[in-house]
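# A closer look at the structure
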Amino acid sequence: MDYDIVIIGGGPAGLAAAVSARKAGVEKILILERDNKLGGILNQCIHNGFGLHTFDEELTGPEYAQRFIDQVKELGIEYKLNTMVMEISKNKVVTALNRAHGLFSIKAGAVILAMGCRERSRGALNIPGYRPAGIFSAGTAQRLVNIEGYMPGKRVVILGSGDIGLIMARRMTLEGAKVLAVAELMPYSGGLKRNIVQCLDDFGIPLKLSHTVIDIEGKDRVTGVTIAEVDENRKPIPGTEEHFDCDTLLLSCGLIPENELSSSMGVELHKVTNGPVVNESLETNIPGVFACGNVLHVHDLVDFVSEEAAIAGKNAVRYLAGEGSCMGKDIKIATEGGVRYSVPTTINPGRMTNELTVRFRVGDVYKDKYLSVYFNNERISHKKKRIMTPGEMESVTLKRDELEKVNNLTGITIKIEEE
């Protein structure tokens with residue numbers, strides 16, 4: 001079987017990429033999804049707040065996903081569910097497995113990686129104590145409550161203040177559980193400000209910054225946890241211990257892009273994001289292999305995932321048409337002064353559209369600082385930002401005509417400055 005474009009993942013990124021590529025004129029598109037339905041993680045995100053940028057209205061996760069699922073079906077885009085991709089070769093042969101076809105291979109003209117991300121597990125956190133029942137990742141608890149109709153527990157402590165943890169603090173409360181505290185290792189929250197207000201403050205749930213879990217009690221089932229304040233080196237401070245009698249501990253300690261397939265096929269991964277290194281077309285170091293959504297870098301809003309994925313879909317079509325190659329050189333984007341990374345990491349003005357959005361996150365909370373962009377050593381943008389936090393993605397827009405005006409442009413720098 002041959003397809004022009006094979007998309008790995010049928011979540012919000014994969015769906016948006018498929019729709020975009022189909023509208024750009026390519027017909028032979030295949031989406032491979034390991035779950036039993038399209039939509040990805042959005043199917044269990046029954047809270048609202050989705051779609052404000054994309055559809056100018058507030059939707060729940062399933063409603064947002066359904067908008068794209070409907071488009072996929074209307075456009076006649078082919079997809080296979082319950083299908084696990086086992087391997088992708090450098091020459092874009094995709095090997096997959098499902099019950100209907102067994103083990104099969106597909107030759108793709110272009111591949112779009114859209115596998116999403118997974119939660120960091122307890123094993124990666126090194127929390128002392130037994131391994132009793134009652135410890136869940138926040139996303140697993142969300143699926144249990146919203147899809148399976150099962151309550152994980154009645155008295156809950158949450159470790160980590162990522163958006164899923166904050167949303168589950170509210171969800172568990174609404175279902176009758178008592179959320180005793182949300183402990184966050186860092187001195188700032190990892191989630192959106194609106195989620196702190198709507199999910200914690202509105203329900204009187206305390207957020208304990210610079211705290212972590214130092215002990216889990218209970219052998220068969222969690223009976224309690226102990227948290228403590230940490231110093232600037234993230235080490236627990238003796239004498240600050242606080243005990244909670246509880247039956248459930250939810251972990252919301254970060255998301256990791258699902259890049260085992262990417263790395264096994266030889267895609268270069270970024271040391272900060274753990275996602276692929278991409279150029280302005282969202283193309284990896286392997287020609288014709290593109291990445292978008294949370295497999296590329298963890299987003300805060302699904303609207304930005306869809307926007308990014310649509311660009312990947314269009315660029316995959318351009319690649320198939322032979323429009324990807326051009327004269328000129330790739331220009332590296334450097335990040336300094338608290339900007340942790342950028343997506344993309346290189347750009348070639350000859351391949352750019354008129355405008356390019358560069359997205360990134362900062363490494364700390366910055367108040368009343370300036371976000372600057374330099375072409376070589378000349379500052380061309382200098383904007384004051386009231387606040388920048390690690391939980392909210394930032395962006396700058398680069399314009400092709402401005403880049404082409406610069407003689408011998410060798411580097412672009414994005415940095416945070418005092419003044």
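Overview of the structure. (Residues numbered from 1 in each chain as written. Predicted model: local features only at pLDDT ≥ 70, side-chain atom pairs only at ≥ 80, totals over all residues. Heavy atoms only, no water.)

### What to know about the sheet that holds strand S20 (residues 331–336)
- The strand order across the open sheet formed by five strands is S21-S20-S26-S23-S24, and the pairing between neighbours is mixed. The open sheet has two edge strands with one neighbour each: strand S21 (346–347) and strand S24 (378–388).
- With six bridges connecting them, strand S23 (residues 366–375) and strand S26 (residues 411–417) associate as antiparallel partners. When the sheet's bridge partners are listed, Phe375 is paired in S26 with Ile412. (Pairing = 2+ DSSP bridges. Helix = DSSP H or I, 4+ residues; strand = E, 2+ residues; numbered from the N terminus.)

### Here's the deal with the pattern of salt bridges
- Using the criterion set out here, one finds 16 salt bridges in the structure.
- Between Arg22 and Glu27 there is a salt bridge, and its shortest N-O distance comes to 3.9 Å.
- Across the pair Glu175 and Arg171 runs a salt bridge, and its minimum N-O distance is 2.9 Å.
- For Arg171, a relative accessible area of 18% translates into the label buried.
- If you follow the salt bridges from partner to partner, you end up with Arg34, Arg118, Glu258 and Glu260 in one network. (Salt bridge = Lys/Arg side-chain N within 4 Å of Asp/Glu carboxyl O. Buried < 20%, exposed > 50% of the residue type's maximum accessible area, 1.4 Å probe, protein only.)

### Remarks on the nonpolar core
- Grouped together as the largest cluster of nonpolar side chains are 62 residues, with contacts concentrated most on Ile5, Ile7, Ile8, Leu32, Ile88 and Leu113.
- Counting residues in hydrophobic clusters, the runner-up holds 21 residues, among them Phe360, Val362, Met388 and Ile416. (Core = buried A, V, L, I, M, F, W, Y, C linked by side-chain atoms within 4.5 Å.)

### Thoughts on helix H1 (residues 12–23)
- An ideal rise of 1.5 Å per residue puts 16 Å on twelve residues; H1 measures up with 17 Å between its terminal C-alpha atoms.
- By the criterion of burial, H1 is predominantly enclosed, with ten of the twelve residues buried.
- The set of residues buried in H1 consists of Pro12, Ala13, Gly14, Leu15, Ala16, Ala17, Ala18, Val19, Ser20 and Ala21.
- Contact partners of the buried residues in H1: strand S1 (2–8), strand S2 (29–32), helix H2 (61–74), strand S8 (102–113) and helix H7 (302–320).
- Following H1 by one or two positions, Gly25 has its phi on the positive side, about 115°. (Expected span 1.5 Å × (residues − 1). Contact = heavy atoms within 4.5 Å.)

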